[in-house]
Amino acid sequence: MDASAATGFRRSPLWLVILAALVAGQGWLTLQLFGADNSLDQLTNDAPILDGRHPLHFYHGLLGNRVWHERRGNMCYDPAFQAGYLKTPIFDGGSRPAEMFLFLGGPSASSYKIGLAICCLFPPLAFALAARGIGLGAGGACLTALIGGTLWWSPACRLLLETGDMDLLVGGICMPVYLAWLFRYGQTPGPLEWSVIAASSAIGWYAQPLLMMVALPLSLLYHVWVFRGMRIVWHIGLLFANAIGLGVNLFWLHDWVTHIGLYVPYGGEETPPRLWPSTFQNWEAFIPADPVDLGIAVIGLVGLLVMLRKHSDAAWLFGVGIALYVSAAGAGQLWPMLAEFGTHKVMSVGVWCCALPCSYAMMALARGFSSSTQVRPIGAIWLMIALAGLAWGLDIPRRWEVMPLQIGLGPEREEVVKTIRESSTPEGRILWEDRAEGSRLYGWSALLPELTQRPFLGGLTPDQCVDHLYARLADGKLMNRPVNEWTDEELSRVFLRYNVTRVVAWTSDSRARFGKLKILHPVAELKDGKDGGVMFAIDRRPGYFLKGSGIITQMDWKRVALADLKPDANGVVVLSLHHHHQWRVTPGYVVIEKDVDVHDPIPMIRLRLPDPVARVTLTWQGH
């Protein structure tokens, strides 16, 4: 290790004060996320965050918290949306941090917001920890913390915060720590090094496994690289640390792998037929768009060359890691299939990994100034002047201005909730039109079942990424087909099969088409920001029984309880509820089958009964 590494925080406690000041500054900026005025009240009240996918994460966090306390699991079948869909890890990665927030703080919006705020406090500490891993002293660790904290509030990371990509943010911060302490374990193996590797691995797998799928092969390559120079105990220890990190996540990674087939990975533009020509023609996709991110990345690449002299293993680990994350980000911008997996967002992870060699290069230059002038403070003075000049030249204070998140529904959305509750019943679903383009606040509709106690078709997320989201109305298209192309008879069959009794239309095409349908009549005008919508009522009797008859006494994530079931002439009862192979039905002589519809990739539930049955219970068993 570098001699400067010995000058840690214990020998230089003043640097602890500086690090604490950096964390305090990070805390002040974090409070700005919740408003310039009354930020503490906005942080601790029970009003939800409406930006991006935060409402979806919070909703799934509530479900996951309930399932964990009831069954010690994190998956469930949710009938409140999409005629029943699977709440799975593959569908909403950001729900895992939300589930942890609500598990620790309780099932409330304040717990989610406080958890988000705590995550925003950690970057300076995480980068300082990573700097200690590659051999920087307390001063270098504080410099790295400053760079990392600055990157956290860059436009790219701020966009991730606003859109709710907490899995990528939390998992991404773990990658520099993991790589740095992987190197340190190779230099001075011990319990501390082993513990940091295991902890960063565990958090990384929990937050975003796709990031760890890049870091883990680097660890295995490191085994090979230092194989002859290390004892077998060293290799066993490192393997065990990685196994611990992976093993503690197996309880949900099993579900993630099992249900990856539900994910719809591609449905957009054509993939470029020729790899290298398209890559060279679109080289801008492989560099950070923000000037500060780009500057840190460039200095970081220089820092890798400097690191090669004394810490070649660290330089290679970070160099390969940066190359892989940046390549994934660029490829995600060029190929739609990768973009739908979110790889275009990992550019920030590559830049975060550049922060350490960037700090390493700046500290090396400062030491060079000090040694050449024989005046020790000169290097530190030069460094402060350079950082201040860079901040002034790039106008960082203005560019890094933190815009507050939208907290609370507001009068218009509260009126929408009130109208839905007063103008509908739980006996029928509400067809809610999703809007993918426009305001970042459209995702608030994921909270509607909690707010209204009504079931919905649509409204869960503007993005179609699992098969269960196929049956919905989005941007003037019903099931990916323009609503104007649907005949009255076809629309009536859709309403019947999905038990739709109300329609909330936001786009002009949808409002016009449903306004012409004779079985619909408007019951209320709605307002959501700049958008005006209409709520239509359908002249039909609600019912979840498509064939046969009965009474639904309970329908939630725990079970579906049916009473007084009477099959049709063919001995079947068909429910307007999506089928899944993990349904279990009692009594045992009732057979559960698939009722296939060519317009929906997910079939409905069909029960085959020998005679009328007084009570049938359907329970979804995720394991």
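The structure we're discussing is the one just above.
Bear in mind that the values here come from a model prediction, so they are computed numbers and not experimental data. (Residues numbered from 1 in each chain as written. Predicted model: local features only at pLDDT ≥ 70, side-chain atom pairs only at ≥ 80, totals over all residues. Heavy atoms only, no water.)

A closer look at the overall build of the protein chain
- Of regular secondary structure, the protein chain possesses 24 helices and 18 strands.
- Sequence separation of at least 24 residues holds for 73% of the intrachain contacts in the protein chain that already meet a minimum separation of 6.
- In the structure as shown, the protein chain presents an accessible area of about 27,200 Å², 62% of it carried by carbon and sulfur atoms. (Helix = DSSP H or I, 4+ residues; strand = E, 2+ residues; numbered from the N terminus. Contact = heavy atoms within 4.5 Å. Areas by Shrake-Rupley, 256 points an atom, 1.4 Å probe, with all protein chains shown as cover.)

Brief notes about the side chain of asparagine 249
- Position of asparagine 249 relative to the elements: it lies in the loop between helix H12 (232–247) and helix H13 (250–258).
- Reaching out from asparagine 249, the side chain makes a polar contact with the backbone nitrogen of tyrosine 206 at a distance of 3.4 Å.
- Leaving out residues up to four positions away in the same chain, asparagine 249 has contacts with Ala202, Trp205 and Tyr206. (Polar contact = N/O pair within 3.5 Å; in protein donor to acceptor, adjacent residues only side chain to side chain.)

Some thoughts on the sheet that holds strand S13 (residues 560–566)
- Taken in spatial order, the 4 strands line up as S12-S13-S18-S15 in an open sheet, and their pairing is antiparallel. Each having just a single partner strand, strand S12 (549–555) and strand S15 (583–586) make up the two edges of the open sheet. Between one strand axis and the next, the sheet turns through 20° on average, direction left out of account.
- Direction of pairing for S13 relative to strand S18 (residues 613–620): antiparallel, over a ladder of 5 bridges. (Pairing = 2+ DSSP bridges. Axes fitted to C-alpha atoms, helices over the stretch in contact; angles between N-to-C directions.)

Quick notes on the packing of helix H3 (residues 54–71) against helix H5 (residues 109–121)
- Taken N-terminus to C-terminus, the directions of H3 and H5 make an angle of 120°; their axes are 11 Å apart at the nearest point. The angle between H3 and H5 falls in the class oblique. Note on packing geometry: the crossing formed by H3 with H5 is right-handed. Of H5, the residues touching H3 (which contributes His54, His57 and Phe58) are Ala109, Tyr112 and Leu116.
- Each residue belonging to the contact of H3 with H5 can be placed in one class, and the counts come to 4 nonpolar, 2 polar and no charged. (Parallel < 35°, antiparallel > 145°, perpendicular 65-115°, else oblique. Left-handed = near helix turned anticlockwise from the far one by under 90°. Nonpolar A, V, L, I, M, F, W, Y, C, P; charged D, E, K, R; others polar.)

Structural notes on unusual backbone geometry
- Going from threonine 586 to proline 587, the amide bond is cis rather than trans, its omega being 5°.
- The residue proline 587 is located in the loop between S15 and strand S16 (591–597) in this model.
- You will see that asparagine 38, though not glycine, has its phi angle at about 55°, which is positive.
- The residue asparagine 38 is located in the loop between helix H1 (13–32) and helix H2 (39–44) in this model.
- For arginine 72, which is not glycine, the phi dihedral falls at a positive 60°.
- Residue position: arginine 72 is located in the loop between H3 and strand S1 (76–78).

What about the packing of aromatic side chains?
- One pass over the full model with this rule turns up 17 aromatic pairs.
- Geometrically, the ring pair formed by tryptophan 432 and phenylalanine 456 is edge-to-face, given 6.4 Å between the ring centres and 75° between the ring planes. Of the two residues, tryptophan 432 is situated in strand S3 (residues 429–434) and phenylalanine 456 in strand S4 (residues 456–457); the sequence distance between them amounts to 24 residues.
- Among the residues examined, tryptophan 432 registers a relative accessible area of 1% and is labelled buried.
- Relative accessible area serves as the criterion here: at 0%, phenylalanine 456 is assigned to the buried category.
- The aromatic ring of tryptophan 506 is capped on one face by arginine 435, whose charged end is 4.3 Å from the ring centroid.
- Sitting above the plane of the tryptophan 486 ring, arginine 481 keeps its charged end 4.6 Å from the centroid. (Phe/Tyr/Trp six-rings, centres within 6.5 Å; stacked < 30°, edge-to-face > 60°. Buried < 20%, exposed > 50% of the residue type's maximum accessible area, 1.4 Å probe, protein only. Lys NZ or Arg CZ within 6 Å of the ring centre and 35° of its normal.)

Section: the packing of helix H11 (residues 209–225) against H13
- At a closest axis distance of 13 Å, the pairing of H11 and H13 adopts a crossing angle of 100°. Put simply, H11 runs roughly perpendicular to H13. Residues Pro209, Leu210 and Met213 of H11 pack against Trp252, Leu253 and Trp256 of H13.
- Each residue belonging to the contact of H11 with H13 can be placed in one class, and the counts come to 6 nonpolar, no polar and no charged.

Points about a nonpolar patch on the surface
- Among the surface-exposed residues, Trp225, Leu305, Leu308, Trp316, Val320 and Leu324 lie close enough to one another that they form a single nonpolar patch of about 640 Å² accessible area.
- Mapped onto the nonpolar patch, the elements with two or more residues apiece are helix H15 (291–310) and helix H16 (312–334).
- Element by element, the count of residues in the nonpolar patch is highest for H16, at 3 residues.
- Counting through the fold element by element, leucine 305 comes out in helix H15. (Patch = residues over 30% accessible without salt bridge, like charges linked within 9 Å, V, L, I, M, F, W, Y side chains within 5 Å. Salt bridge = Lys/Arg side-chain N within 4 Å of Asp/Glu carboxyl O.)

Examining the nonpolar core
- Among the nonpolar cores identified, the biggest contains 131 residues, and Leu161, Met175, Trp352 and Trp432 are the most heavily contacted of them.
- Apart from residues lying up to four places away in sequence, methionine 175 is in contact with Gly204, Leu211, Met212, Ala215, Tyr325, Val349 and Cys353.
- Core analysis: the next-biggest nonpolar cluster, separate from the first, contains 23 residues, Ala83, Leu457, Phe495 and Leu520 among them. (Core = buried A, V, L, I, M, F, W, Y, C linked by side-chain atoms within 4.5 Å.)

A short note on the sheet that holds strand S14 (residues 572–578)
- Judged by pairing direction, the sheet is antiparallel, and its 4 strands sit side by side in the order S11-S14-S17-S16 without closing on themselves. Two strands lie at the open edges of the sheet, namely strand S11 (545–547) and S16, each paired on one side alone. Averaged over all adjacent pairs, the angle separating strand axes in this sheet is 40°, with direction ignored.
- In the packing of helix H23 (residues 488–497) onto the sheet, contacts are made with S11, S14, S16 and strand S17 (600–608), and the angle to S16 comes to roughly 160°.

Brief notes about the pairing of S18
- With 4 bridges connecting them, S15 and S18 associate as antiparallel partners. Residue pairing in the sheet places arginine 584 in a bridge with threonine 619 of S18.

Here we look at helix H9 (residues 166–187)
- Its 22 residues give H9 an end-to-end C-alpha distance of 33 Å, which sits within 8% of 32 Å, the value for a rise of 1.5 Å per residue.
- A large share of H9 lies buried, amounting to 21 of its 22 residues. (Expected span 1.5 Å × (residues − 1).)

Some points on the pairing of strand S8 (residues 500–505)
- Counting buried positions over the 6 residues of S8 gives 6, a clear majority of the element.
- Two strands pair when backbone bridges link them, and S3 and S8 are joined in this way by 4 bridges, in the parallel orientation. Residue pairing across strands places tryptophan 432 opposite valine 504, the latter belonging to S8.
- Here 4 bridges tie S8 to strand S10 (residues 531–538), and the two strands are oriented antiparallel to one another.

Some words on the environment of alanine 80
- Along the polypeptide, alanine 80 turns up in the loop between S1 and strand S2 (85–87).
- The class for alanine 80 is buried, based on a relative accessible area of 16%.
- Considering only alpha carbons, one finds alanine 80 and arginine 429, 349 residues apart in sequence, at a separation of 8.8 Å.
- Those residues in contact with alanine 80 that lie beyond four places of it in its chain are Tyr59, Pro449, Arg454, Pro455 and Phe456.

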